[in-house]
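Summary of structural features
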Amino acid sequence: MNSREPKDLSILIHYDEIGLKGKNRPLFIERLSRRIERAASLYCEAKVKKRTGRLVLDTSGLKAPADLIEALRKVFGVAYFARAQCVPLDLEAAANTALEMIAPLKTQSFRVRTRKSFPTTPVSTREWDRAIGARIQARRHLPVDLERPGLTVHVEVIPREAWVYAEKIRGPGGLPVGSVGRVAALLSGGIDSPLAAWRIMKRGCEVVFIHFHGAPYLSRASADKAEDLAHVLNGYQSGSRLYMVPFGNLQKEIVLATQPEYRVVLYRRFMMRIGEHIAGLENARALVTGESLGQVASQTLQNLAAIEEAVRMPILRPLIGMDKDEIIEGAKKLGTFEISIEPDQDCCSLFVPKHPAIRSHAGHLRGLESRLPVQEMIDKVIHETEIIDFDAGGRTRNFSFGEIHSAEEETAILPNA
């Protein structure tokens, strides 16, 4: 924070979509408040107060202000926010605060925008715009530009007080994580699945991550990438869990007992079953994948239907209608693209036939699976699974499956509980 800025600055936070939630709005606002406090807790005392149509974050004890700003940029539900100062409902107080606030800022032009939440508030927004603008011109000798200003001074008038700020910072929008429920996302080391997880977070879902790797036949390169990707995504929910599922031996059993062209679809059916089991332990209500219609052989309409038939839980596919260029662009904006394109050994490349089937049928696949001890295979893989928990700061703790889910009490120790 610049030494010339006014003291006692707070963060004024606006939401948009939440404002349309009618009678459920208080629940969404409460969830957003808790998410803001969690994201900000590493950098200040992080107490959120409610104001008319907005939230205020107390920044007492602030450290690393740039890091706080970056953390708030990742809180779903936040439309925009600003470092602002509260003043009495008085024109002179607002003008003096605006002058003090913009003193360290360089600009070639400016405008003042006063807005009030209630028409009955005894303030003329035009009068305040002109009076505050005149004071700034007299002090800074800057031209007014109402169309393309270099700087906009904002004054928000609510009952009994006004908030003044000069720099508006965009948030990610959407709904606060956890306000809709919990899901389990299959997180590969590729480009698609991290973006799918991020998009479903934006719709208010808290996400548990599940990664399938090719151990013991492949290196842990894909597992390391998955951990890096989960670290990036954790910045958007401040507390995450990643399941590392060793899938190589299960794949080998499928290879030894079934026709080559159906291997990939069978792998996916087993992944869904394992994901459904983990989701149940984590109180998750759906599975999430990065599948895009027609992108690869396993993602034809027939194969997607055959894969989905293996489980009862809904499978959400946020990228289903996106093409590869759109997905790549989204991954670059998210910051996962460079991680995803690092070389690795993906379990999906293990024991893959030259000509995979593109039109599988669930009945035929069930016949192939009847040759396998399906539940025994699933149980073995699940109990060999490792678990990594991320805290709000991205630090990790590693557990075995048994440490988290005992045989007597299969209840998840949730990282965000």
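Note that the coordinates shown come from a computational prediction; the quantities given were computed from them, not determined experimentally. (Residues numbered from 1 in each chain as written. Predicted model: local features only at pLDDT ≥ 70, side-chain atom pairs only at ≥ 80, totals over all residues. Heavy atoms only, no water.)

1. Things to note about a positive patch on the surface
Positive charge collects at one region of the surface, where Arg 113, Arg 115, Lys 168 and Arg 170 lie side by side. Looking at the positive patch, the elements that each hand over two or more residues are β5 (110-116) and β8 (168-170). Within the fold, Arg 113 resides in strand β5. A residue is classified by how much of its surface remains accessible, and Arg 113, at 32% relative accessible area, is partly exposed. (Patch = residues over 30% accessible without salt bridge, like charges linked within 9 Å, V, L, I, M, F, W, Y side chains within 5 Å. Areas by Shrake-Rupley, 256 points an atom, 1.4 Å probe, with all protein chains shown as cover. Salt bridge = Lys/Arg side-chain N within 4 Å of Asp/Glu carboxyl O. Lys, Arg positive; Asp, Glu negative; His and termini not counted. Charge placed at Lys NZ, Arg CZ, Asp CG, Glu CD. Helix = DSSP H or I, 4+ residues; strand = E, 2+ residues; numbered from the N terminus. Buried < 20%, exposed > 50% of the residue type's maximum accessible area, 1.4 Å probe, protein only.)

2. Describing the nonpolar core
With 42 residues, the main nonpolar core has Phe 212, Phe 247, Leu 250, Ile 254, Phe 270 and Ile 274 as its most contacted residues. When neighbours within four sequence positions are excluded, Ile 254 is seen to be in contact with Leu 266, Tyr 267, Phe 270, Leu 372 and Met 377. If you look at the next biggest cluster of nonpolar residues, it comprises 35 residues, including Met 201, Val 232, Met 322 and Ile 388. (Core = buried A, V, L, I, M, F, W, Y, C linked by side-chain atoms within 4.5 Å. Contact = heavy atoms within 4.5 Å.)

3. Some words on unusual backbone geometry
The bulk of non-glycine residues show a negative phi, and the bulk of peptide bonds are trans. Residues Ala 215 and Pro 216 are joined by a peptide bond in cis, for which omega reads 10 degrees. Looking at the secondary structure, you find Pro 216 in the loop between β10 (205-213) and α6 (221-234). Unlike most non-glycine residues, His 141 shows phi in positive territory, near 55 degrees. Along the chain, His 141 falls in the loop between α4 (125-140) and β6 (151-158).

4. A look at the sheet that holds strand β9 (residues 181-186)
An order of β13-β12-β9-β10-β11-β14-β15 is seen for the 7 strands of this open sheet, with the pairing classed as mixed. Edge positions in the open sheet fall to β13 (315-316) and β15 (396-400), since each of these has one partner strand only. Judged from the 5 bridges that link them, strand β14 (residues 386-390) and β15 form a sheet pairing that is antiparallel. Within the sheet, the bridge partner assigned to Phe 390 lies in β15 and is Thr 396. (Pairing = 2+ DSSP bridges.)

5. As for the packing of helix α8 (residues 263-281) against helix α13 (residues 374-383)
Contact geometry of α8 with α13 gives a least axis separation of 10 Å together with a crossing angle of 60 degrees. Comparing their axes, α13 and α8 come out oblique. The two elements α8 and α13 meet at a crossing, and its hand is right-handed. On α13, the residues that touch Phe 270, Arg 273, Ile 274 and His 277 of α8 are Val 374, Met 377, Ile 378, Val 381 and Ile 382. Of the residues contributing to the contact of α8 with α13, the split by class is 7 nonpolar, 1 polar and 1 charged. (Axes fitted to C-alpha atoms, helices over the stretch in contact; angles between N-to-C directions. Parallel < 35°, antiparallel > 145°, perpendicular 65-115°, else oblique. Left-handed = near helix turned anticlockwise from the far one by under 90°. Nonpolar A, V, L, I, M, F, W, Y, C, P; charged D, E, K, R; others polar.)

6. A word on a negative patch on the surface
Together, Asp 224, Asp 228, Glu 338 and Glu 342 make up a negatively charged patch on the protein surface. With respect to the helices, strands and loops of the structure, Asp 228 is situated in helix α6. Judged by its relative accessible area of 38%, Asp 228 is partly exposed.

7. What about the side chain of Ser 10?
Counting through the fold element by element, Ser 10 comes out in strand β1 (residues 10-14). We classify Ser 10 as buried; its relative accessible area is 12%. The residues touching Ser 10, leaving out its near neighbours within four places in the chain, are Val 56, Leu 57, Thr 59, Ala 82, Arg 83, Ala 84 and Trp 163.

8. Side note on helix α2 (residues 65-72)
Taken as a whole, α2 has its buried residues at Leu 68, Ile 69, Ala 71 and Leu 72. Seen along its axis, α2 keeps its buried residues to an arc of 160 degrees; they face one direction. Here the buried face of α2 lies against β1, α1 (25-40), β3 (54-58), β4 (80-88) and β8. (Arc of directions from axis to C-beta.)

In short, the description is geometric, and any link to function would need to be established separately.
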